[in-house]
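# Notes for the structure review
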Amino acid sequence: MIIILSQKIDTDSVYAGDEVFKTYHYPARYRNQIHEGDTFVYYQGNRYDKSQRYYFGTGKIGKIRQEDEENYYAELINVIRFEKKVPIYLPDGGYVEQMGYETVRKSINPPWQSSIRPLSKAAYEYMLSKSGGKEIIESCNADLKKAIQRYYIEKDKNAVLQILKIANQLADLYGLQE
């Protein structure tokens, strides 16, 4: 599944356990909306300043741990900061999260008040196309080719770890699930 994680980066967050691009702290009410292996997109929202509403990164949900009955922490892995912030607004009007909305929810309008919400594959692909994500994919492909050459031509067994890491990043960028 692909999800949005709301994350304040320009202002303070009430969730002290958040470490941008490392850990996401969330309350128990969201425990059924986030799962290990989910692809996520970071969303920065600000109800008072429209210029502070954008998407700024992607990655995968790693291990989830429960600290107590109310506090959960998700490890964030294979994370990539977008080269360009992606505005929440479409150029011709409407919101990016309205793209393909029928595959993830009933209402056309996103539930902005929800810190964790589902995202369609169409919206995810749009975000990647506007974020410099395609360039990231091309860079990963070039790095993967070099790592494979190191493994086969130079017989470098350590290249396998790099191949695995890059392959996981590509799978996340493509929104693939195991």
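Structure's up top.
Residue numbers run consecutively from 1 along every chain, following the written order of its sequence. Given that the model is predicted, a residue must reach a pLDDT of at least 70 before its local features are reported, and side-chain atom pairs must reach 80 or more before they are shown or counted; all residues, however, enter totals for whole chains, interfaces and linings. Side-chain calculation: all heavy atoms of the structure are included, whereas hydrogens and water are not.

### Topic: the overall build of the protein
- What counts as a helix is a DSSP run of H or I of at least four residues, what counts as a strand is a run of E of at least two, and both are numbered from the N terminus. Looking only at helices and strands, the protein features 3 helices and 6 strands.
- Element order for the protein, N to C, with α for helix and β for strand: β-β-β-β-β-β-α-α-α.
- Note on method: radius of gyration uses C-alpha positions; expected globular size equals 2.2 Å times residues raised to 0.38. By the compact-globule yardstick of 16 Å for 178 residues, the protein fits well, its C-alpha radius of gyration being 17 Å.
- C-alpha extents for the protein along the principal axes are approximately 55 × 45 × 30 Å.
- Only protein chains enter the accessibility calculation, which uses a 1.4 Å probe. A residue is then buried if its area is under 20% of the maximum for its type, exposed if over 50%, and partly exposed in between. Burial statistics for the protein: of 178 residues in total, 45% are counted as buried.

### Looking at the packing of aromatic side chains
- Each Phe, Tyr or Trp ring (for Trp, its six-membered ring) is paired with any other whose centre lies within 6.5 Å, and the angle between the two planes then decides the class: stacked below 30 degrees, edge-to-face above 60, tilted in between. In the structure shown here, the tally under the stated rule is 12 aromatic pairs.
- Measuring from centroid to centroid gives 5.1 Å for Phe 40 and Tyr 42, while their planes differ by 70°, and the two rings are edge-to-face. Assigned by exposure class, Phe 40 and Tyr 42 land together as buried.
- Seen in terms of ring centroids, Tyr 43 and Trp 112 are 5.7 Å apart; in terms of plane orientation they differ by 35°. Their pairing is tilted. Here Tyr 43 is found in strand S3 (residues 39–44), whereas its partner Trp 112 is found in the loop between strand S5 (71–87) and strand S6 (116–118), with 69 residues between them in sequence.
- Take Tyr 43: its relative accessible area is 7%, and that puts it in the buried class.
- Among the aromatic residues, ring-to-ring pairing joins Phe 21, Phe 40, Tyr 42, Tyr 54 and Phe 56 into one connected group.
- Geometrically, a lysine NZ or arginine CZ counts as sitting over a ring once it is within 6 Å of the ring centre and also within 35 degrees of the ring normal. Cation over ring: Arg 65 sits above Tyr 73, and NZ or CZ is 4.4 Å from the ring centre.
- The ring of Tyr 43 is capped by Arg 117, whose NZ or CZ atom sits 4.7 Å from the centre of that ring.

### Focus on the sheet that holds strand S4 (residues 54–66)
- Read across the sheet, 6 strands follow the order S2-S5-S4-S3-S1-S6 without closing on themselves; strand pairing throughout is mixed. The sheet is open, and its two borders are formed by strand S2 (23–27) and S6, each paired with just one other strand. Across the sheet, the mean angle from the axis of one strand to that of its neighbour is 40°, orientation sign disregarded.
- At least two DSSP bridges between two strands are required for those strands to pair. Where S2 lies against S5, 5 bridges are found, and the strand directions are antiparallel. Bridge assignment links Tyr 26 to a residue of S5, and that residue is Tyr 72.
- We call two residues in contact when some of their heavy atoms are within 4.5 Å. Only the stretch in contact is used when a helix axis is fitted, and all axes are lines through C-alpha atoms; the angle between N-to-C directions ranges over 0 to 180 degrees. Helix H3 (residues 159–173) contacts S3, S4 and S5 of the sheet and is inclined by roughly 75° relative to S5.

### Comments concerning the environment of Leu 90
- Position of Leu 90 among the secondary structure elements: in the loop between S5 and S6.
- Expressed as a C-alpha distance, the spacing of Leu 90 and Tyr 126, which sit 36 residues apart in the sequence, is 9.9 Å.
- Setting aside residues up to four positions removed in sequence, Leu 90 forms contacts with Tyr 95, Val 96, Met 99 and Tyr 126.

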